[in-house]
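For reference, the chains in residue letters:
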Amino acid sequence: MIDKTLAQRSAGAVLECEVNGRKIAIETPPARRLLSILRDDLGLTGTKRSCEIGRCGACMVLIDGKPRNSCLTMAYQCSGRSITTIEGLADEERLHPVQECFLEEGGYQCGYCTPGMIVSVKALLDDTPDPTMEQIEEALTGNLCRCTGYGGILRSVARAIERGGEAT
Amino acid sequence: MAMEEKERLRSPSVWLPRDPGEAVRLKEAFGGDAVYVAGSTLLRTQWEAGTAPVPAHLIDLASIPGLDRIEETDDGLVIGSLARLRDCAAHPAAAGKAPLLVSAVKAIAGASVRNQATLGGNVVYRVGDSMPALLALDAELIWHDGRTEETIGAAEWLAGPSARPGILTAIRLPDRESGMTSNRRRWFAFHKVGRREAFVPSLVTVAIAASVAPDGTIADIRIAAGGGQTVPRRLTDAERLLAGRIPDAELLEHVYDAALEQYAPAPDPFAADSYRKRTAANLIAAELWKSLREPDRAGKGDGDASESID
Ligand SMILES: Cc1cc2nc3c(=O)[nH]c(=O)nc-3n(C[C@H](O)[C@H](O)[C@H](O)COP(=O)(O)OP(=O)(O)OC[C@H]3O[C@@H](n4cnc5c(N)ncnc54)[C@H](O)[C@@H]3O)c2cc1C
Ligand code: FES
Ligand code: FES
């Protein structure tokens, strides 16, 4: 069997991290997917479940500010990290500017891809406030939309860039 | 969704080794019940598809400090196996020393997957899109068997058995030209063709690295092709035709034929072998043709570029 010094080095049953600015400690198997933790354990159902293999982007969240597919991420990989979901973008008073732009420009139809889309756009604009078309396409390659044909989405992104993260 | 209930019932334990030796000892202790995990992006796909069982134990290589380092050395570039694809693509030393690898890495999956996936995971996959580029760059793989390190050429490793004991710790890109007083130009091209333009599994992936004398003579060239489940390999017949020559239209016809002949794609359910062979040969001939017509083209387009190395 395995020796004791090795045994001390396994991931524990409690995940400690930050979700939308709040420190949490939650009992969970270390290989449980972040997607399940968010939706089923924490009730944060804005993060959507669809392909479950990293191909659609409906489950996109930010981990330490970078977009990540929560369906590909396990609990132990979130230890000590800061996670932001779609629910964490708006403050008490109002929506995040990117959310407002999606509303104003009709950046969605059924809305299923929208939380993931908005999370990816937020990460892009935090990093690159004035992206080129190529950078926008690059940042959104992992987010698929079956409804809009992307026209409304690109319009929303253009508007968000114009506003430069400011509220109107 | 099936994953959902299973997740709670039989979630594997996750081990966090502190160094390569500890990782290998854990694997030796658990044998077939354990797998090494880097970014877990490929493993997750395999678990969901049912092509690999969820094991009882995961050995997390990301917990080993320093394995994700990217370092420029006197004679090349060393990329830790745990370096995220995103960091490989963004690292200034990689852009300077291995623009071909940067092009290849940027063609893997989408940005969010690259924030998590590692170069080592892509290499151990064997059919990953970085592999043709690593073959063209004559990369070396550094493995740790729990006691010592061993360096093995990427081509040699691909020719061997897929299950190798130990862990991959780093990928070394030797600077073949260093120390040489040369006014040769370094030239490279990378192309991945799939069923859509981006974020797609490849049908054909081609990588070329060459050094070219001022008069256009190809001093040294390596061409590699993979795609889909094809284990990438060098197209040595085409390389031999080109070495020491200034390519022209006639030579490129022979190069096309040689590539068509030697590239042997693993079967794909939706694309005929003949189509993929023609695609690979066309891409190679077209890239070489472009390099003749636009010798100074640098870093534009689909990842082909040239630069001086004097
Ligand atoms: C949506 C999606 C799209 C993708 N698109 C592409 C694509 O376009 N091109 C492409 O090439 N791949 C693609 N992949 C596959 C995969 O993401 C990449 O190959 C990735 O680089 C794998 O790295 P990882 O760190 O996630 O590997 P992991 O999944 O952690 O590991 C992969 C395998 O390698 C082993 N392993 C990992 N690191 C080591 C090591 N250091 N030593 C020994 N064994 C090790 C593991 O045991 C496992 O068997 C895609 C995956 C997804 C989910
Ligand atoms: S559900 Fe995660 S990418 Fe589709
Ligand atoms: S709005 Fe329906 S999938 Fe995008």
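Just so you know, these numbers come straight off a predicted model, no measurement behind them. (Residues numbered from 1 in each chain as written. Chains lettered and ligands numbered in written order. Predicted model: local features only at pLDDT ≥ 70, side-chain atom pairs only at ≥ 80, totals over all residues. Heavy atoms only, no water.)

**Student:** What exactly am I supposed to notice about the packing of helix α3 (residues 97-105) of chain A against helix α4 (residues 114-127) of chain A here?
**Tutor:** A pair of packed helices is captured by two measures, namely the crossing angle of their axes and the spacing between those axes. Residue and element names in this part refer to chain A. Their axes nearest at 9 Å, the elements α3 and α4 cross at an angle of 130 degrees. Taken together, the axes of α3 and α4 are oblique relative to one another. Judged by the sense of rotation from one axis to the other, the crossing of α3 with α4 is right-handed. Only Thr 114, Met 117, Ile 118, Val 121, Lys 122 and Leu 125 of α4 make contact with α3, whose side of the interface consists of Val 98, Gln 99 and Phe 102. Its residues assigned to classes, the contact of α3 with α4 shows six nonpolar, two polar and one charged. (Axes fitted to C-alpha atoms, helices over the stretch in contact; angles between N-to-C directions. Helix = DSSP H or I, 4+ residues; strand = E, 2+ residues; numbered from the N terminus. Parallel < 35°, antiparallel > 145°, perpendicular 65-115°, else oblique. Left-handed = near helix turned anticlockwise from the far one by under 90°. Contact = heavy atoms within 4.5 Å. Nonpolar A, V, L, I, M, F, W, Y, C, P; charged D, E, K, R; others polar.)

**Student:** Even after reading the chapter, I still don't get a nonpolar patch on the surface, so can you show me in this structure?
**Tutor:** Residue and element names in this part refer to chain A. Among the surface-exposed residues, Met 133, Leu 144, Tyr 150 and Leu 154 lie close enough to one another that they form a single nonpolar patch of about 300 Å² accessible area. You can see Leu 154 is positioned in helix α6 (residues 151-163). Of the residues examined, Leu 154 reaches a relative accessible area of 30% and is grouped as partly exposed. (Patch = residues over 30% accessible without salt bridge, like charges linked within 9 Å, V, L, I, M, F, W, Y side chains within 5 Å. Areas by Shrake-Rupley, 256 points an atom, 1.4 Å probe, with all protein chains shown as cover. Salt bridge = Lys/Arg side-chain N within 4 Å of Asp/Glu carboxyl O. Buried < 20%, exposed > 50% of the residue type's maximum accessible area, 1.4 Å probe, protein only.)

**Student:** Can you help me understand the domain arrangement of chain A in this one?
**Tutor:** Interfaces are often described in size by the accessible area the parts lose on coming together. Residues and elements named next belong to chain A. Segmenting chain A into domains produces domain 1 (12-88) and domain 2 (97-167). On a C-alpha basis, the centroid separation for the pair domain 1 and domain 2 is 21 Å. Facing 14 residues of domain 1, the contacting portion of domain 2 comprises 12 residues. Interface area for domain 1 against domain 2, summed over the two sides, is near 1,100 Å², with a carbon-plus-sulfur share of 65%. By the criterion of area lost to domain 2, the three top residues of domain 1 are Met 60, Leu 62 and Ile 86, representing 41% of everything that side buries. Counting across the interface, domain 1 meets domain 2 through zero salt bridges. Between domain 1 and domain 2 we count four residue pairs in polar contact (both at pLDDT 80 or more) in total. A per-element tally of the side of domain 1 that touches domain 2 places strand β3 (residues 60-63) first, with three residues. (Domains from an automatic or database assignment. Buried area = accessible area lost by both parts, 1.4 Å probe. Polar contact = N/O pair within 3.5 Å; in protein donor to acceptor, adjacent residues only side chain to side chain.)

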